[in-house]
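# Descriptive structure summary
Residue strings, one per chain:
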Amino acid sequence: MFDVPDGRVVTARAADELERELAAAIDSERRADCMARIQSDAVQLALDLVVRETDIDGFFRAFIKTLVEECESRACGVWLLDGDGRCEPWMAFVDGQFHTRDAAGWDSAAGPRQAMAAHLVSYTHGWQNTVEYLPDDSRLPDSVQAFNAATGIASLQVAPLRLPTHTMGWIALASNDAQACETTWRRAVLEATARQATLALHQDRLAEQGRREARRQAALEERNRLARDIHDTLTQGFAAILMQLQAAQRSTPALPPTVSAALETAVDLARSHMVEARRSVGALRPAQAGEESLPDALQRIVATTQRTTDIPIQLTVNDPPPLGGLERDVAGIVQEALTNAVRHSRGKSIAVNASAVRQIGLRLSVSDDGRGIAGEHRLRGFGMTSMQERAERIGASLTIVTAPRAGTEVVLAWEPPSFSIPVKADAR
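Conventions used here
- Residues numbered from 1 in each chain as written.
- Predicted model: local features only at pLDDT ≥ 70, side-chain atom pairs only at ≥ 80, totals over all residues.
- Heavy atoms only, no water.
- Axes fitted to C-alpha atoms, helices over the stretch in contact; angles between N-to-C directions.
- Helix = DSSP H or I, 4+ residues; strand = E, 2+ residues; numbered from the N terminus.
- Parallel < 35°, antiparallel > 145°, perpendicular 65-115°, else oblique.
- Left-handed = near helix turned anticlockwise from the far one by under 90°.
- Contact = heavy atoms within 4.5 Å.
- Nonpolar A, V, L, I, M, F, W, Y, C, P; charged D, E, K, R; others polar.
- Salt bridge = Lys/Arg side-chain N within 4 Å of Asp/Glu carboxyl O.
- Buried < 20%, exposed > 50% of the residue type's maximum accessible area, 1.4 Å probe, protein only.
- Lys, Arg positive; Asp, Glu negative; His and termini not counted.
- Polar contact = N/O pair within 3.5 Å; in protein donor to acceptor, adjacent residues only side chain to side chain.
- Disulfide = S-S within 2.5 Å.
- Pairing = 2+ DSSP bridges.
- Expected span 1.5 Å × (residues − 1).

Here the focus is the packing of helix α3 (residues 110-122) against helix α4 (residues 142-151). One can describe the packing of α3 onto α4 by two numbers: an axis separation of 8 Å at closest approach and a directional angle of 130°. Here α4 runs oblique to α3, going by the angle between their axes. Considering only the axes of α3 and α4, their crossing is left-handed. The segment α3 lies against α4, with Gly111, Pro112, Ala115 and Met116 engaging Ser143, Val144 and Phe147. Taken together, the residues of the contact of α3 with α4 break down into 5 nonpolar, 2 polar and no charged.

Below, the structure is given as structure tokens:
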């Protein structure tokens with residue numbers, strides 16, 4: 001026993017207990033101070049990168065590279081969730097090199113990456129908590145365990161990129177040692193980094209949503225402007241022409257038959273094109289149910305065009321599939337192709353054919369037996385450009401087959417997106 005200044009008597013056991021409590025308090029304070037420095041460093045790094053990097057890819061590249069270097073680790077990978085809940089590997093930094101989807105060698109470790117992605121989605125505990133794995137952890141897929149063993153990974157730590165409302169993905173840190181002190185420190189750094197990365201990713205997605213909305217608003221404003229211009233010029237102009245033609249019919253009832261027929265055709269054409277101008281205004285808004293079907297549109301276009309030419313036009317419609325609101329663009333392509341054939345082909349006949357392909361697609365052609373299109377004129381003119389742009393907008397292919405004195409055929413081929421042949425990136 002020994003005395004203390006306030007007169008109490010303290011035993012040796014009590015002194016040891018006080019000493020342990022003091023040591024624990026000092027250790028706790030040091031840990032808190034260390035955590036505060038880790039958090040502060042992560043925030044500062046995030047701020048520096050936000051200012052320096054122009055896009056989220058550059059931000060994450062620098063972020064995970066710094067994380068690997070500071071933690072003296074082997075690799076860091078990022079997996080992201082899409083809007084449908086699918087998890088896909090996004091990027092990785094391994095042995096001093098970056099790996100992304102568009103980089104050579106990305107497919108070399110596709111198996112372990114995809115297996116890890118499936119595990120991250122299915123392991124619900126990891127959606128909200130950092131998880132630490134040993135290389136042969138039974139929770140990991142077999143291919144991931146084999147990859148860890150082959151590459152000498154001793155410790156794998158995975159932190160969620162988590163917002164209060166949902167999880168956006170995961171960031172994983174792989175190291176070659178698993179000492180308790182090192183893994184504890186790495187976990188603290190990983191979690192602090194994950195918080196800042198989550199905030200940066202969330203802000204980038206909000207900014208992208210804002211940009212998309214701004215583009216959508218700009219597109220709507222432009223469509224409204226075009227609709228107003230069409231209404232104020234073409235529609236009103238055709239209405240005025242129609243009124244003058246009808247006034248001429250009323251004022252001169254006794255005209256020669258040929259003149260009377262020509263005047264009647266002019267009235268019908270003015271009326272038809274006024275309706276078309278109004279359709280163009282309507283085409284600038286979303287398609288409405290119950291509007292003109294493709295067969296009806298083709299019959300109307302052919303009938304109207306036939307009144308302006310002596311070239312016989314044959315229309316064949318063989319049960320085309322429903323196009324889900326794309327009828328206007330298809331009809332516009334046919335109208336342009338038919339107008340070109342009438343004006344420039346000098347042919348003796350024109351054929352318009354529309355038919356189903358495998359019951360779900362459409363093949364539509366406008367052909368003539370005229371002089372063909374010279375090579376230097378094949379892609380010129382607003383009409384050609386307009387047809388190509390319309391085809392691209394609806395996801396169709398447009399082919400122009402022509403030869404001197406052998407006629408011209410404009411072929412439109414369309415299939416629903418789900419039946420399109422996948423490109424290499426989609427297959428991957």
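Applying the stated criterion to the full structure yields 15 salt bridges. A salt bridge links Asp329 to Arg393; its shortest N-O distance comes to 2.6 Å. Of this pair, Asp329 sits in helix α8 (residues 327-344) while Arg393 sits in helix α9 (residues 381-393), and the two are 64 residues apart along the sequence. Note on Asp329: relative accessible area 13%, which makes it buried. The exposed category is assigned to Arg393, whose relative accessible area is 55%. Across the salt bridge formed by Arg363 and Glu409, the nearest N and O atoms sit 3.8 Å from each other. Within this pair, whereas Arg363 is found in strand β11 (residues 361-368), its partner Glu409 is found in strand β13 (residues 408-414), the two being separated by 46 residues in sequence. The class of Arg363 is partly exposed, set by a relative accessible area of 37%. Judged by relative accessible area, which is 24%, Glu409 ranks as partly exposed. One salt-bridge network, in which partners are shared between bridges, spans Glu208, Arg211, Arg212 and Arg215.

Here we come to the packing of helix α7 (residues 294-306) against α8. Two numbers describe how α7 lies on α8: the axes approach to 10 Å, and their chain directions differ by 25°. In terms of axis orientation, α7 runs roughly parallel to α8. As for the relative orientation of α7 and α8, their crossing is right-handed in sense. Mapping the contact onto sequence places Leu294, Ala297, Leu298, Ile301, Val302 and Thr305 in α7 and Glu327, Val330, Ala331, Val334, Gln335, Leu338 and Val342 in α8. Looking at the contact of α7 with α8 residue by residue, the class counts come to 10 nonpolar, 2 polar and 1 charged.

Tracing the sequence through the fold places Asp368 in strand β11. Buried charge Asp368 goes without a salt bridge, the closest partner of opposite sign being Arg371 at 8.4 Å. From its side chain, Asp368 meets the backbone nitrogen of Gly370 in a polar contact 2.9 Å long.

In a disulfide, the sulfur atoms of two cysteines are held together by a covalent bond. This model, assessed by the stated rule, comprises 0 disulfides. Here Cys76 stays free of any disulfide, with the sulfur of Cys71 as its closest cysteine sulfur at 8.8 Å. A residue is classified by how much of its surface remains accessible, and Cys76, at 1% relative accessible area, is buried.

One open sheet accounts for 5 strands, arranged β9-β10-β11-β13-β12; its pairing is mixed. The open sheet terminates on both sides in strands that have one partner only, identified here as β9 (313-318) and β12 (397-402). Across the sheet, the axes of successive neighbouring strands diverge by a mean angle of 10°, strand direction being ignored. Bridge count between β11 and β13: 7 bridges; the pairing is antiparallel. Across the sheet, Asp368 pairs through a bridge with Thr408, a residue of β13. Helix-sheet contacts for α8 involve β9, β10 (350-357), β11, β12 and β13, and the interaxial angle to β11 is about 15°.

What follows covers unusual backbone geometry. The phi torsion at Glu72 lies on the positive side, around 50°, for a residue other than glycine. Among the secondary structure elements, Glu72 is positioned in the loop between α2 (56-70) and β3 (75-81). A positive phi is found at Asp319, a non-glycine position, where the angle reads about 50°. Structurally, Asp319 can be placed in the loop between β9 and α8. Since its relative accessible area comes to 63%, Asp319 is described here as exposed.

Moving on, we get to α3. Between its terminal C-alpha atoms α3 stretches 18 Å, which fits the 18 Å expected from 13 residues at 1.5 Å a residue. Among all positions in α3, only Pro112, Arg113, Ala115, Met116, Ala117, His119 and Leu120 are buried. The inward-facing, buried residues of α3 contact β3, β4 (87-94), β6 (131-133), α4, β7 (155-162) and β8 (167-175).

Note that every value here comes from positions in space, so none of it alone points to a role or purpose.
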